[in-house]
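What the coordinates show
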Amino acid sequence: MRLRISARRDLVCQQAVELVTEYLEETLSRADRRRFERHLAGCPHCTEYLAQMRTTIALAGQITPDDLTPEMRADFITLYQSWKDDDNSG
Amino acid sequence: MMLVQRYRPSMIRLAAGYVPSQAVAEEVVQEAWLGFLNGISRFEGRSSVRTWLFRILINRARTTGIRERRTTAVGNLTATVDASRFDAAGNWAAPPQPWTDLVEDRLAAQAMAKAIRAAMADLPVRQREVVTLRDVEGLSSEEVCGVLEITEANQRVLLHRGRSRLRQMLESDFGRA
């Protein structure tokens, strides 16, 4: 899925947004990274886009599971323990 | 026991992405532990325990998910930002509408947390797998490749598409001109 980018030409926005993940993953070549950063320096919209991606990632990191009822938790622990006991005795 | 407690929330969360209810997710997690414990003598330390455990879990959850409902399509390959938002030269015609400042507001942040959960559930399954493991569970890209048995490049493409969709959804819900 990597975009073929001409070595000489500057990025346009549509190309820049496709490079955001590789930029954040630090997998861009040094030349592509420079080109990406140069584009950002002159483009407030793509800078905003990158900030939104970073915030999206941070929000995803805050997702927590629904709290389980104590009954469900107890059931699970009981099952696990009985399995373990069976295994030890057998 | 500690291992069970420690990984439980992650495992439930992962399993819940494949099956229709919390109860079924619980069952899948229990089955995965049984599979894990049954196979522990075959564990040779080539991957981390977590990688191995999550791989068993996802395989169980996939199988159960197929049984429980029809599978979701494998993620399309459309552009990450709709092409109509750029002009003919490829520059923004409809630039991203700001919303990130809203996370400072407690109520808005709660709404966003709710929205991103819902959006995550709507992602194509392979994108959801990667985004969940990377961004929710905090696994490294190497670990994700190990769990899902995919290449680094594939992992990155799925991560890119999944994250891009989540961003778009947040912009649609919370962005303002």
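Fair warning: this is a prediction, and the values are worked out from it, not measured in the lab.

This part is about the overall build of chain B. Each helix and strand counted, chain B has 7 helices and 0 strands in total. Written out in order from the N terminus, the α and β elements of chain B read α-α-α-α-α-α-α. Principal-axis analysis of the C-alpha atoms places the extent of chain B at approximately 60 × 35 × 30 Å. Across the 177 residues that make up chain B, the buried fraction comes to 40%. Nonlocal contacts in chain B, meaning residues at least 24 apart in sequence, comprise 68% of its contacts between residues at least 6 apart.

Residue and element names in this part refer to chain B. The domains assigned to chain B are domain 1 (2–68) and domain 2 (83–174). Using C-alpha coordinates to define each centre, domain 1 is positioned 24 Å away from domain 2. Contact residues are listed per partner, giving 10 residues for domain 1 and 9 residues for domain 2. At the level of elements, α1 (2–16) and α3 (49–68) are the ones that each hand at least two residues to the side of domain 1 that touches domain 2. Looking at which element gives the most residues to the side of domain 1 that touches domain 2, the answer is α3, with 4 residues. Of the residues belonging to the side of domain 1 that touches domain 2, the class tally is 3 nonpolar, 5 polar and 2 charged.

As a further point, take the nonpolar core. A general trend in soluble globular proteins is that nonpolar side chains are found buried together. M11, A15, V29, A32, L57, A61 and I116 of chain B are the most contacted members of the largest nonpolar core, which has 43 residues in total. Counting only elements with at least two residues in this core, the list comes to α4 (44–60) of chain A together with α1, α2 (22–38), α3, α4 (106–122), α5 (125–136), α6 (141–148) and α7 (152–174) of chain B. Here this core gets 7 residues from one element, more than from any other, and that element is α3 of chain B. Each of two domains, domain 1 (2–68) and domain 2 (83–174) of chain B, supplies a minimum of three residues to this core. Setting aside its immediate chain neighbours within four residues, A32 of chain B contacts M11, I56, L57 and R60 of chain B. L11, V17 and L19 of chain A together with V81 of chain B belong to the second-largest nonpolar core, a separate cluster that totals 14 residues.

It is worth spelling out the interface of chain A and chain B at this point. Contact residues are listed per partner, giving 32 residues for chain A and 40 residues for chain B. Counting only elements with at least two residues in the side of chain A that touches chain B, the list comes to α1 (13–16), α2 (20–24), α4 and α5 (70–89) of chain A. It is α4 of chain A that contributes the most residues to the side of chain A that touches chain B, 11 residues altogether. Of the residues in the side of chain A that touches chain B, the class split is 17 nonpolar, 10 polar and 5 charged.

Residue and element names in this part refer to chain A. A positive phi angle, near 60°, is found at E26, a position not held by glycine. Its place among the elements puts E26 in the loop between α2 and α3 (30–42). When the 7 C-beta atoms within 10 Å are taken as the criterion, E26 is described as exposed.

All names here are of chain A. With respect to the element layout, F36 can be found in helix α3. The buried category is assigned to F36, around which 21 C-beta atoms lie within 10 Å. Counting along the chain gives 24 residues from F36 to V12, while the straight-line C-alpha distance between them is 9.5 Å. When neighbours within four sequence positions are excluded, F36 is seen to be in contact with L11, A16, L19, Y23 and L28.

So, about α4 of chain B. All names here are of chain B. An ideal rise of 1.5 Å per residue puts 24 Å on 17 residues; α4 measures up with 25 Å between its terminal C-alpha atoms. Among all positions of α4, only M112, I116, A119 and M120 are buried. All buried residues of α4 lie within an arc of 100° about the axis, which places them on one face of the element. What points out from α4, more than 90 degrees from its buried face, is the exposed set L107, Q110, K114, A118, A121 and D122.

Attention now moves to the confidence of the model for chain B. Put simply, chain B has an average pLDDT of 85, and 92% of its residues get 70 or more. Interface confidence for the predicted complex, given as ipTM, is 0.72, next to a pTM of 0.72.

Criteria and thresholds
- Residues numbered from 1 in each chain as written.
- Chains lettered and ligands numbered in written order.
- Predicted model: local features only at pLDDT ≥ 70, side-chain atom pairs only at ≥ 80, totals over all residues.
- Helix = DSSP H or I, 4+ residues; strand = E, 2+ residues; numbered from the N terminus.
- Buried ≥ 20, exposed ≤ 12 C-beta atoms within 10 Å, placed from the backbone.
- Contact = placed C-beta atoms within 7 Å.
- Domains from an automatic or database assignment.
- Nonpolar A, V, L, I, M, F, W, Y, C, P; charged D, E, K, R; others polar.
- Core = buried A, V, L, I, M, F, W, Y, C linked by C-beta atoms within 7 Å.
- Expected span 1.5 Å × (residues − 1).
- Arc of directions from axis to C-beta.
- pLDDT = per-residue confidence, 0-100.

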